[in-house]
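Residue-level structure breakdown
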Amino acid sequence: MIESESTGLVEVALPLKVQHTFTYEVPPGMRGPAVAGMRALVPLGDRRITGYIVGLATSAPDASLKAIHDLLDPEPLLDRHMLELTRWAADYYLTSWGLVIRTSLPPGIDRSTARIVALIGSPEPLIQEDDRLDPTQRQILAALQARHRIPLSSLKRHWPSREVDRLVRHLVSRELVRLEYDDRPPAVRPARRSVLRLPADRATVEASLAVLHARAPRQASLLEHLLQSEATITSVKATAMAGASAVRGLIEKGLIRRGEEEVERSPWEGATVEKSVPPELTPAQREAVEGLLQGAASGTFFPALLFGTTGSGKTEVYLRVIQEIVRQGRQALVLVPEISLTPLAAERFRARFADRVALLHSGLSPGERLDQWRRVKSGKADIVVGARSAVFAPLSRLGFIVVDEEHDSSYKQDDEPRYHARDLALARGEMLRIPVLLGSATPAFESFHRAQEGAYRFFVLPERVESRPLPSMTLIDMRRERARREVRGARGEEQKGAAFGMRSPVIFSSPLAEAIKQTLAKGEQVLLFLNRRGYARLLLCRECGFALRCPRCSVSLIYHAVDARMRCHYCDHRERPPARCPKCGGIAFGLLGYGTQQVEAAARALVPMAALTRMDRDTTRRKRAHQRILRTVEEGQTQILIGTQMVGKGHDFPGITLVGVLSADASMQIPDFRAGERTYSLLTQVAGRAGRGDRPGQVLVQTYNPDHYCIVAAQRNDYEGLYRYERALRKERGLPPFGFLVLLVVASLKEDQSQELAERLAELLLERAFPPLALEGPAPAPLHRLKGSYRWQLIAKGPDPEVLRCWIRDTLALLPSSERAKVQVSVDPVDLC
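For clarity, every value in this text was computed on a predicted model and none was experimentally measured. (Residues numbered from 1 in each chain as written. Predicted model: local features only at pLDDT ≥ 70, side-chain atom pairs only at ≥ 80, totals over all residues. Heavy atoms only, no water.)

Before going further, it helps to spend a moment on the overall build of the protein. What the protein contains, in helices and strands, is 26 helices and 33 strands. Since a compact globule built from 833 residues should have a radius of gyration of about 28 Å, the 31 Å found for the protein is in line with a globular shape. When its C-alpha atoms are laid out on the principal axes, the protein stretches across 95 × 75 × 60 Å. Across the 833 residues that make up the protein, the buried fraction comes to 54%. Relative to all contacts within the protein whose residues are 6 or more apart in sequence, the contacts with residues 24 or more apart total 76%. Distance between charge centroids for the protein: 4 Å, based on 117 positive and 98 negative side chains. (Helix = DSSP H or I, 4+ residues; strand = E, 2+ residues; numbered from the N terminus. Rg over C-alpha atoms; globule rule 2.2 N^0.38 Å. Buried < 20%, exposed > 50% of the residue type's maximum accessible area, 1.4 Å probe, protein only. Contact = heavy atoms within 4.5 Å. Lys, Arg positive; Asp, Glu negative; His and termini not counted. Charge placed at Lys NZ, Arg CZ, Asp CG, Glu CD.)

This paragraph deals with the side chain of His-361. Position of His-361 relative to the elements: it lies in the loop between strand 14 (357–360) and helix 14 (366–377). Of the polar contacts made by the side chain of His-361, one reaches the backbone nitrogen of Gly-363; its length is 2.9 Å. Setting aside chain neighbours within four positions, we find His-361 in contact with Ile-339, Thr-342, Arg-369 and Ala-387. (Polar contact = N/O pair within 3.5 Å; in protein donor to acceptor, adjacent residues only side chain to side chain.)

This part covers the pairing of strand 28 (residues 656–661). When you tally the buried positions in strand 28, you get six out of six residues, the bulk of the element. Where strand 20 (residues 525–529) meets strand 28, five bridges bridge the pair, whose relative direction is parallel. Note on strand 28: the bridge partner recorded for Val-526 is Leu-658. Pairing geometry for strand 28 and strand 29 (residues 698–703), over four bridges, is parallel. Following the sheet pairing, Val-659 is matched in strand 29 by Val-699. Read as a crossover between parallel neighbours, the route from strand 28 over helix 21 (residues 675–687) to strand 29 is right-handed. (Pairing = 2+ DSSP bridges. Right-handed = clockwise from strand over helix to strand, strands pointing away.)

Our next topic: the sheet that holds strand 24 (residues 574–575). Strand order in the open sheet formed by three strands is 22-23-24, and the pairing between neighbours is antiparallel. The open sheet has two edge strands, strand 22 (558–560) and strand 24, and neither has a second partner. Relative to strand 23 (residues 565–567), strand 22 runs antiparallel, the two sharing three bridges. Opposite Tyr-559, over in strand 23, you have Met-566 as the bridge partner.

As a further point, take the confidence of the model for the protein. For the protein, the average pLDDT comes to 87, and 94% of its residues sit at 70 or higher. When mean pLDDT is compared element by element in the protein, helix 15 (residues 421–432) scores highest at 98, while helix 3 (residues 124–129) scores lowest at 61. Scored below 50 in pLDDT, residues 1–5 shows 19 contacts in the model against residues more than four places distant or in partner chains. Low pLDDT (under 50) marks residues 493–502, which in the prediction has 25 contacts with non-local residues, meaning those over four places away or in another chain. (pLDDT = per-residue confidence, 0-100.)

To continue, consider the packing of aromatic side chains. Going through the model one piece at a time under the given rule, you end up with 15 aromatic pairs. Taking 6.3 Å as the distance between ring centres and 85° as the angle between the ring planes, the aromatic pair formed by Trp-88 and Tyr-93 counts as edge-to-face. Accessibility expressed as a relative area gives 29% for Trp-88, which makes it partly exposed. Both rings, one in Phe-448 and one in Tyr-723, keep their centres 4.9 Å apart while their planes meet at 75°; by these two values the pair is edge-to-face. Taken together, the residues Phe-448 in helix 16 (residues 445–452) and Tyr-723 in helix 23 (residues 719–733) connect sequence positions 275 residues apart. (Phe/Tyr/Trp six-rings, centres within 6.5 Å; stacked < 30°, edge-to-face > 60°.)

Attention now goes to empty space enclosed by the protein. Scanning the entire structure with this criterion turns up one cavity of 30 Å³ or more. Here the largest cavity is characterised by a volume of approximately 100 Å³. Around the largest cavity, the lining residues are Thr-103, Ser-104, Leu-105, Pro-106, Pro-107, Leu-360, Arg-369, Trp-373, Ser-389, Ala-390, Phe-392 and Ala-393. Mapped by element, the contributors of at least two residues to the lining of the largest cavity are helix 2 (97–104) and helix 14. For the lining of the largest cavity, the per-class residue count stands at eight nonpolar, three polar and one charged. (1 Å grid on protein atoms, 1.4 Å probe; cavity = no way out; pocket = protein on both sides within 12 Å on 5 of 7 lines; lining within 4 Å. Points joined across faces, edges and corners; volume = space filled by probe spheres on them. Nonpolar A, V, L, I, M, F, W, Y, C, P; charged D, E, K, R; others polar.)

Attention shifts here to helix 4 (residues 135–147). When the terminal C-alpha atoms of helix 4 are compared, their 19 Å separation across 13 residues agrees well with the 18 Å that a helix rising 1.5 Å per residue should span. Positioned one or two residues after helix 4, His-148 has a phi angle of 75°, which is positive. (Expected span 1.5 Å × (residues − 1).)

For the rest of this paragraph, the subject is the pairing of strand 30 (residues 740–748). The two faces of a sheet get side chains in turn, since along a regular strand they alternate between them. Within strand 30, nine of the nine residues are buried, leaving the element largely enclosed by the surrounding structure. The two faces of strand 30 match: Phe-740, Val-742, Leu-744, Val-746 and Ser-748 on one face and Leu-741, Leu-743, Val-745 and Ala-747 on the other face are all buried. Relative to strand 32 (residues 789–798), strand 30 runs antiparallel, the two sharing nine bridges. Bridge pairing links Val-745 to Gln-793 in strand 32. Sheet analysis places strand 30 next to strand 33 (residues 823–827), joined by five bridges and oriented antiparallel. What sits directly across from Val-742, in strand 33, is Val-827.

Summed over the entire model, instances satisfying the criterion amount to zero disulfides. Cysteine Cys-544 shares no disulfide, and the gap to the nearest cysteine sulfur, in Cys-581, comes to 3.7 Å. By relative accessible area, Cys-544 is classed as partly exposed at 31%. (Disulfide = S-S within 2.5 Å.)

What follows is the structure, given as structure tokens:
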């Protein structure tokens, strides 16, 4: 425990986009309790924010230090290991230590100060006399005139930040508004409820019962209940049992007293899970379990890769190793890539370990997330199952880490701090000298390469459990299907789509349509996969070729039939489809492409009596929607499940025997060197959902590129063949796993500023570069405009990650802070778009 008594100064990490800490003075009255790992409310400019004490300051960089305003915790929230882990993450990913710490803690627990713009004069004279006010400024003034006090953050959500700041400064100088500061308490706190309990003197209570039975039988009944249960009772339940007057009478007599107790907000909804019986291990599973337990007993860092085909029993390996780890008094962490997978994984672990399992992911309510985190912190949970951010779970006796589906790009966070949970798990395991197991049927090439080179221990599960066969995969050439459709169209046999009078796209080929009908006729289930939500991907004017695009992003708007709106899937801009073309005034519109909504409509037309369920981001926004949908599939209520990538991995549905991949080509068109690897992984994972029960499965893949190497490899289940092919390509260009990357994206509201800064940054990098460091770009990012900002990108490459990061870090330090804030840094990016 690091205390502040020696100097009276502490180093505080703030959740800001800066890579240095701040020194604060600890007032004499609180010097004793100020401990590293605690949160503190500290002044920053003219406001107060929550910071994180990370250690002592040996000297004061400035004589005029500010003092900590308040300590927010009675004891540290982060121990020495978690401070070390978050520090490592900040250094490796070139980000802010404070932002990493904030990510590691439950959201909503911090105190802060909100800046409020308060109107103190009428803006009417300014509006009338100042012709230089643009429409945006006039809208902001009108909003202030209507409400008088508006949080500055609310203004910036509706209008560009720069315009808001400029106008507020102007209004302050004219003494029309002032900035005020409101203290904001934590948004999330432990839940408490009112309870009634017996006083310490039980003899007096028992002696009063005889009198109460005669005069106040309801009071007597409530007292007897408390005496027999020897527990508290909630005020609500007591009032329901005996009535408010009886409760009030007992309190007045001193026979019961009112109090409060904390109540845990559980994500399980009181659900009970039947205890599972461990199956007999296959020889390959037994070899993996024994090898991992030997690694755990060695007391050294033991990274391992479990390469097992879909349905081979990887989860059982995790369970057996964790069972022994927990028996030894240690704890385990299990990471899964998708929120939709956490309930399934958690249920499997609860069936084996009951209430010693905690759940951590962003799909929980803030209160549930806080309470689960506190259970882990207090040691009440031995096993944590969670998504990306669960890598920071405060497990003090951690002995084993599992990263399931370790290849999945969801483990990489898109926003600051841009960490990769798989690699952070490996770093945590190395710090603690414990085993870290990466599991996948389609490992990331980086992980497979390290296993081949001997850096990771390598375990293989080559067959499905109970010797079940892998599903057969058939490729359907959609070029021939389209040619046949055009022939039918020429004969007048083609059907018109209802929406905008457009010809309906080829969603189901003839073989797939027939297979769906046959599968349902046998009482089996179908999974239809398309990694694109919405109804149609493009609204096109058939007279001039105009396509409706997002006003803030360089993408087309997607048509959603559910609410008849055009939507942007990046910034969530929404608008109604226009009645006339904004460019030529024409009225002939057509929808091109299709998404999961149109697939659902087509499936209902194909098999009208079938029970269909769609699972994508649109249908899973509500709390626990994932669980409800998956339960209908498990119980056989859903005959056809339609979904995006969230249905394509990790799920075990024995009733699904047919998987239809409606478009295998979309992921191959992404301008990214990993496109082939991802396409193979996506096809293999979704194909693995078929035939996991007693009946064999089949997979039909619709593609316009049936000869592409990654699709052929998926059909043959030839991961190593794909790896050998890609290995040569990547080695030649120094791409992972033969080199390391840092993606730099320069974003600005003005396109010329974005380009100029990217070019200047490139010049600075090249001036400081030396072989074998290399730079690609600058160039417009594939998604050039995003949420109103224009984006240019550079890709830095090098064989040594430490040298590469130092090159980037030292060069960025040469930029003014205002320009550095416009540069987004992603170390080890998984997506170059």
